[in-house]
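Single-letter residue listing:
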Amino acid sequence: MFVARSIAADHKDLIHDVSYDFHGRRMATCSSDQSVKVWDKTENGEWHCTASWKTHSGSVWRVTWAHPEFGQVLASCSFDRTAAVWEEIVGESNDKQRGLSHWIKRTTLVDSRTSVTDVKFAPKHMGLMLTTCSADGVVRIYEAPDVMNLSQWSLQHEISCKLSCSCISWNPSSSRAHPPMFAVGSDDNNVSCGGKVQIYEYNENTRKYSKAETLMTVTDAVHDIAFAPNLGRSFHVLAIATKDVRIFKLVPMRKESTSTGPTMFEVQIVAQFDNHNSQVWRVSWNITSTLLASSGDDGCVRLWKANYMDNWKCTGILKGDGSPLTGLSGQPTAMSTMMGSSVQTSQNAINGMSAGSLHAYFLL
Amino acid sequence: MEKMSRVTTALSSNSITGRTMFCHLDAPANAISVCRDATQVVVAGRNIFKIYTLEEEQFVEKLNLRVGRKPSLNFSCADVMWHQMEENLLATAATNGAVVTWNLGKPSRNKQDQLFTEHKRTVNKVCFHPTEVYMLLSGSQDGFMKCFDLRKKESVSTFSGQSESVRDVQFSMKDYFTFAASFENGNVQLWDIRRPDRYERMFTAHTGPVFCCDWHPDDRGWLATGGRDKMVKVWDMTTNRPKEIYCVQTIASVARVKWRPEKKFHLATCSMMVDHNIYVWDVRRPFIPFATFEEHKDVTTGIVWRHQHDPHFLLSGSKDSTLYQHMFKDATRPVDKANPEGLCFGLFGDLAFAAKESLISSDTNRKPYPGGDRRYPIFFFKKPDPTEQFAHVSSALSVFETDLDSNRMDWFVKTAQLYLLSGKPFAELCDHNAKVAQELKRPQVSTTWTMLRIMFSDPANLTAPGLNHNLSKLGPMPLMNSFSIKEIGPGVGTESRLERSKGESRQDNIHLDPGNSHISNNEENEETEGSEGQAEYMFIDAELDDDDLYSMEHDNQAEEQEYTLPQEAFQLRHEIIDNPSAPEHLQQDKADSPHVSGNEAEVTCLTPIESFSLISISQPLYNPHLPASFFCPIVREMLSYYAEQGDVQMAVSVLIVLGERIRKEIDDLTQEHWYMSYIDLLQRFELWNVSNEVIKLSTCSAITCLNQASTTLHINCSNCKRPMSNKGWICDRCHQCASICAVCHHVVKGLFVWCQGCSHGGHLEHIMNWLKSSAHCPAGCGHQCEYT
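Reading the values: rules and limits
- For every chain, the first residue of the written sequence is number 1, and numbering continues from 1 along that sequence.
- Lettering of chains starts at A and numbering of ligands starts at 1, both following the order in which they are written.
- Confidence filtering applies because this is a predicted model: local features only for residues at pLDDT of at least 70, side-chain atom pairs given and counted only at 80 or more, and all residues used for totals across whole chains, interfaces and linings.
- Side-chain metrics in this entry use all non-hydrogen atoms of the structure; hydrogen atoms and water are not considered.
- Helix and strand definitions follow DSSP, with helices as H or I runs of at least four residues and strands as E runs of at least two, each counted in order from the N terminus.
- Only protein chains enter the accessibility calculation, which uses a 1.4 Å probe; a residue is then buried when its area is under 20% of its type maximum, exposed when over 50%, and partly exposed in between.
- Contact criterion: two residues are considered in contact whenever any of their non-hydrogen atoms come within 4.5 Å of each other.
- Method for areas: the Shrake-Rupley scheme with a 1.4 Å probe, in which residue coverage is limited to the protein chains shown.
- Polar contact is defined as a pair of N or O atoms within 3.5 Å, subject to the rule that within protein one atom must be able to donate a hydrogen and the other to accept it, and that residues adjacent in sequence are counted only when both atoms are side-chain atoms.
- UniProt positions are given in the numbering used here, feature names are shortened, and annotations may be inferred rather than shown by experiment.
- Pairing between strands is defined by DSSP: at least two bridges between them are needed.
- As a rule, the C-alpha atoms of each element are fitted with a line to give its axis, helices using only the stretch in contact, and angles between N-to-C directions run from 0 to 180 degrees.
- Criterion for a disulfide: a pair of cysteine sulfur atoms at a distance within 2.5 Å.
- What the arc measures is the spread of directions leading from the helix axis to the C-beta atoms.
- Here, a salt bridge means any side-chain nitrogen of Lys or Arg that lies within 4 Å of a carboxyl oxygen of Asp or Glu.
- Segment limits for the domains were obtained from an automatic or database-derived domain assignment.
- Among buried residues, those of type Ala, Val, Leu, Ile, Met, Phe, Trp, Tyr and Cys that are joined through side-chain atoms within 4.5 Å constitute a nonpolar core.
- Working definition: a ring pair exists when centres of Phe, Tyr or Trp rings (six-membered ring for Trp) sit within 6.5 Å. Plane angles under 30 degrees give stacked, over 60 give edge-to-face, the rest tilted.
- We call a charge positioned above a ring when the Lys NZ or Arg CZ atom is no farther than 6 Å from the ring centre and deviates by at most 35 degrees from the ring normal.

1. Topic: the overall build of chain B
- In terms of helices and strands, chain B carries 25 helices and 33 strands.
- Buried positions account for 57% of the 788 residues belonging to chain B.
- A fraction of 53% describes how many contacts in chain B between residues 6 or more apart in sequence connect residues 24 or more apart.
- Within the structure as shown, chain B displays about 33900 Å² of accessible surface, and the carbon and sulfur contribution to it stands at 51%.

Put into structure tokens, the structure is as follows:
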């Protein structure tokens, strides 16, 4: 059972991205109206906009939070060909109306010559690193050598993917057995260009990222891509939003200690759903990687879950409607309109575990 | 009906056909202009001046106006304009300041007609009057505008802007006598052609130069201006003061702006540098271009709509020496690639979802008529105008929250908080954790814990599961007694913490590695009981059966607690949890000064390393029927199963509780990976205490060092305010104990809080209570302390 709480976002154009912070208590939205808004959750669960500012001179495609260890830091990327890093400063502002927090720009990354379509921080264990990808097919990896100085970023890697990039996702695994790895998706519409998802892996010897895998079966434009939280798994799970939802499993093959090439993966497609009947725009994993949410042009969010046999099924559909925002626009933020958009989710989903295979052990 | 009629005009004039095409020029173009019937285009530049005919499939060069062996500077053009009434008449603005007219009807090769050399510097712009054949206007870098009558040899009037250089001049479509001029200082002036002495109006349109302006073709008195400030602004000139009605923010300085024919709200722009694209904007939606033409490889210098009533063809010239005809249907639509939705899973299973409103209000828009509405004949079904759809767009943001009762991640937090990972006998831990899982309605996990207890406990323990007192009595009492006198006795007392924890750390350093390696070498030594009662040293311990070792260890712990502080371990755990600030504090305390608080000592006792030394005295009382190692592969598989299912919590908890029983079965990298993942999760949920406990209980060196880094805490003596340099809590200057509570004046043992401003502090509780009622330091020093 889900309860929808509609929020008067008051963005002047489309919202392109929503992003929760590490602890799930803050939210950032970005929009074509060139602004980013930060929302904080109050004690009673309402979301309040605590900051809203103009970030770019073009549509802001994505916004993302850094690990809180580095401070309250956001990165945004835009149609204006730049990515920017923002830091929240608390308490120094004299402007009482805007509250105590304000965000200042720490840096602008201007290396791209086309629209920067995605920006992501690398997993924390790699340090403070930022990755951007752009419409001309270049992935750039920046590093802040001094984590206390957010205004200094050096371009560490520039990787050409040949295809116009639309999204990027880091493999979050912190295991030493897994070298740094990211996947990049392309929104190139030309089916004949081959696989639209490429996976790059860091090579210790050459100190470069090299292509480890191309998912040749994904030939349509990819809009979003997300590695599942790893949580101690030996393999990686990748969700892809293209004309349908797909879930891939990448199982690293055993590697001889002598080989220096990239890891070979056994690529399995574990699920493929066209229930959205349209382009799928977003995929997002829950924290235990037991639930996948996807949203498509049908205006619905669908929830996917695997049973113990690794069979993925739809466990819920959330309709984004029922909140007549036009009627609410005059009121303050965060009206809780209780709506009956209920979802059947089994108890198993709550426990994040399914009964079954373990019985085999108990019968011993 | 206005719209309908416009559609038909567009259709009737749509005799123009063609496709997206281009041709190479010999040199970069500076400007282009098209003749009235849209069949020819003139391209002018520093080294080029040519006329091309627009055929259906290609551009064909018709005439090269740049003639002569050594063309004069008059041929190098900054701007060009084709007269819209007289099809043989062209004007160019030369870079040397000349204004030249060209008559294509001339029989000679050189078509040059008139030459006006009145401007002192480059002429930026020439403009014919839209209806008057002989009237030509020019704007120059020298700050003057001149009006020429082509029947005369000289200019008829000169307009001094008295601002800076003129960048653009445009005759109004609405008023016969009015023209607009834009200047480098950001101003726009309106002039009456009959009154050269003074401008009619002036306003500041942009910060920085205004490079271009364009009157709306539908004579509405709208003027679009573009500047270096990257903005395009639309002004309503009919009001008293020009009013900014739309503002489009582009990504680079705006070099040209041209209203799109037949589309009231559309205009095309191109940029002066950096950006090579041509954008078509709907001014009502100023944030995202309606269409983009991305063909040019260098700066686009001239754009012109091919026909004044046809919105589908755009011509452009560029510094990359190409001339393009763009078909509107081939344009890139950035909005198609723009993601209309945002979706993100929160930590607590809530889902933030932002979507274009037209997508989610599906009841009105989408659902109705996949095959047309039955109620109306199909031809009444009016397809919504795509441009109208484009203009009015907004997103709805909502957060889907799971019901409070079944909040998705509650189980994780509760489990993390309630699980016991150490400090009790093994069987009891299992039972406790099974109960926790049961209460959280996770029967499978609960059963797993029960199974683990059965697998790894000795039968004796099974008779009284979960009963602390019975269990501890089953433990190896005699040896335990002797041991606790030696090691634990002083540890529990509060006087000699210093020595104790020093001892601990020494032991850690010495025995950690050899102990572990030794154990792993002795995997097969299941039944060799080597306990000769050597209490302190691990090398002996390692020869013991690991399983028994471990259960004994916990027995001992329980024993110890029962001796001195019954039940304290349990209660203290909760106390820690209630005070999230505690662990760092304690930890840092520990690193710098050996003053270890009560519960800190407790937890430290529980680290596996310490337990080795306790275990050595244990003596198994029986032989298990099935060796515990029999289960190890199964348990290992089970742990992997849990990990792969995303429940790393279970994997790590079992790993810690089973300890040595299972540790050697799982390779270090995997263990480390599990620990890292679990700790990361705990930190996400801000379960710092649990996270710290897990770090302490882990045996991976990479994990245990996680809470060893940057733990130094510098403090001042509360008495003399000087920094404490040495170990311990006695200040070496004033020889007073520095850890006196400012409220109760007793020495603080346990959680000590102190103010960094005045160096006074005390018991956490006391200080908290004090500062609730008073804003000042309890020590009376007058400092305004703040507890956050």
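2. Topic: the side chain of A:Ser166
All names here are of chain A.
- Positionally, Ser 166 belongs in strand E14 (residues 165–170).
- Here the side chain of Ser 166 touches Val 222 through a polar contact of 2.6 Å, landing on its backbone oxygen.
- Once residues lying within four places of it in the same chain are set aside, the contact partners of Ser 166 are Arg 62, Thr 117, Asp 118, Cys 133, Gly 185, Ser 186, Asp 187, Val 222 and His 223.

3. With respect to the UniProt feature "repeat: WD" (unreviewed entry) in chain B
All names here are of chain B.
- Under the UniProt annotation, the feature "repeat: WD" (unreviewed entry) is placed at residues 116–158 and 203–245.
- With 0% helix and 53% strand, the stretch residues 116–158 has end C-alpha atoms that lie 13 Å from each other.
- As annotated, residues 203–245 comprises 0% helix and 53% strand, and the C-alpha atoms at either end are separated by 14 Å.

4. Overview of the sheet that holds strand E6 (residues 60–65) of chain A
Residues and elements named next belong to chain A.
- Read across the sheet, four strands follow the order E6-E7-E8-E9 without closing on themselves; strand pairing throughout is antiparallel. Of all the strands in the sheet, the pair left with one neighbour each is E6 and strand E9 (101–109). Across the sheet, the axes of successive neighbouring strands diverge by a mean angle of 25°, strand direction being ignored.
- Looking at chain direction, strand E8 (residues 83–90) and E9 are connected through eight bridges and run antiparallel. Note that in E9 the partner of Glu 87 across the bridge is Ile 104.

5. As for the state of the cysteines
Residue and element names in this part refer to chain B.
- What the rule picks out here adds up to zero disulfides over all chains.
- Of all cysteine sulfurs, the one in Cys 213 lies closest to Cys 212, which takes part in no disulfide; the gap is 7.2 Å.
- On the accessibility criterion, Cys 212 (3% relative accessible area) is buried.
- Residue Cys 247 stays outside any disulfide, its sulfur separated by 13 Å from that of Cys 212, the closest cysteine.
- Residue Cys 247 is classed as partly exposed on the basis of its relative accessible area of 24%.

6. Focus on helix H25 (residues 764–773) of chain B
All names here are of chain B.
- Taken as a whole, H25 has its buried residues at Leu 764, Ile 767 and Leu 771. Across the axial projection of H25, the buried residues extend over an arc of 70°, all falling on one side. Turned more than 90 degrees away from the buried face of H25 sit Glu 765, Lys 772 and Ser 773, all of them exposed.
- Tucked inside the fold, the buried residues of H25 contact strand E32 (752–754) and strand E33 (761–763).

7. Focus on the pattern of salt bridges
- Following the criterion strictly, the structure yields 36 salt bridges over all chains and no others.
- Here B:Arg167 ties to B:Glu184 by a salt bridge, and the two come within 2.5 Å at their closest N and O atoms. One end of the pair, B:Arg167, is in strand E14 (residues 166–171); the other, B:Glu184, is in the loop between strand E15 (178–183) and strand E16 (187–192), with 17 residues separating them in the sequence.
- Looking at B:Glu184, the relative accessible area reads 19%, which means it is buried.
- In the salt-bridge network here, residues are joined through shared partners; they are A:Arg62, A:Asp118, A:Lys120 and A:Asp224.

8. Some points on the domain arrangement of chain B
- The domain boundaries assigned to chain B delineate domain 1 (31–335), domain 2 (339–375 + 391–407) and domain 3 (409–455 + 628–710).
- The centre of domain 1 of chain B, based on its C-alpha atoms, is set 73 Å off from the matching centre of domain 3 of chain B.

9. Describing the UniProt feature "repeat: WD" (unreviewed entry) in chain A
Residue and element names in this part refer to chain A.
- UniProt marks residues 8–40 and 273–305 with the feature "repeat: WD" (unreviewed entry), using the numbering shown here.
- In residues 8–40, helix accounts for 0% and strand for 55%; the two terminal C-alpha atoms are 14 Å from one another.
- Each end of residues 273–305 is marked by a C-alpha atom, and these two atoms are 12 Å apart; helix forms 0% of the span and strand 58%.

10. Let's talk about the nonpolar core
- The biggest cluster of nonpolar side chains holds 58 residues, and the ones touching the most others in it are B:Phe412, B:Trp449, B:Val635, B:Phe685 and B:Val694.
- Among the secondary structure elements, those contributing two or more residues to this core are helix H6 (410–418), helix H7 (426–439), helix H8 (443–456), helix H19 (632–644), helix H20 (648–658), helix H22 (668–684) and helix H23 (688–697) of chain B.
- Among the elements that line this core, the one with the most residues is H20(B), at nine residues.
- Non-local contacts of B:Val635, meaning those with residues more than four positions away in its chain, are made with B:Leu452, B:Met455, B:Phe456, B:Leu658 and B:Ile662.
- Listed in part, the 50 residues of the second largest apolar core include A:Cys77, B:Trp222, B:Val248 and B:Phe265.

11. Section: the sheet that holds strand E20 (residues 245–252) of chain A
Residue and element names in this part refer to chain A.
- Taken in spatial order, the four strands line up as E18-E19-E20-E21 in an open sheet, and their pairing is antiparallel. Strands with a single pairing partner mark the edges of an open sheet, and in this sheet they are strand E18 (224–227) and strand E21 (265–273). Adjacent strand axes in the sheet meet at a mean angle of 20°, parallel and antiparallel pairs treated alike.
- The pairing of strand E19 (residues 236–241) with E20 spans six bridges and is antiparallel. If you follow Ile 240 over to E20, its bridge partner there is Arg 246.

12. Some remarks on the packing of aromatic side chains
- This model, assessed by the stated rule, comprises 39 aromatic pairs over all chains.
- Among the aromatic residues, those joined into a ring-pair cluster are A:Trp170, A:Phe182, A:Tyr200, A:Tyr202 and A:Tyr209.
- Sitting over the face of the ring of A:Phe235, A:Lys249 holds its NZ or CZ atom 4.6 Å from the ring centroid.
- Above the face of the B:Phe177 ring, B:Arg194 is positioned so that its terminal group lies 3.5 Å from the ring centre.

13. Brief notes about the interface of chain B and chain A
- Of the residues lining the interface, 87 residues belong to chain B; the matching set on chain A comes to 96 residues.
- Applying the counting rule to chain B against chain A returns seven salt bridges.
- Among the salt bridges present, the one from A:Asp13 reaches B:Arg285, with a minimum N-O distance of 2.7 Å.
- Where chain B packs against chain A, one counts 25 residue pairs in polar contact (both at pLDDT 80 or more).
- The leading source of residues in the side of chain B that touches chain A is H22(B), at ten residues.
- As judged from the six bridges shared by strand E1 (residues 2–7) of chain A and strand E31 (residues 395–402) of chain B, these two strands associate in the antiparallel manner.

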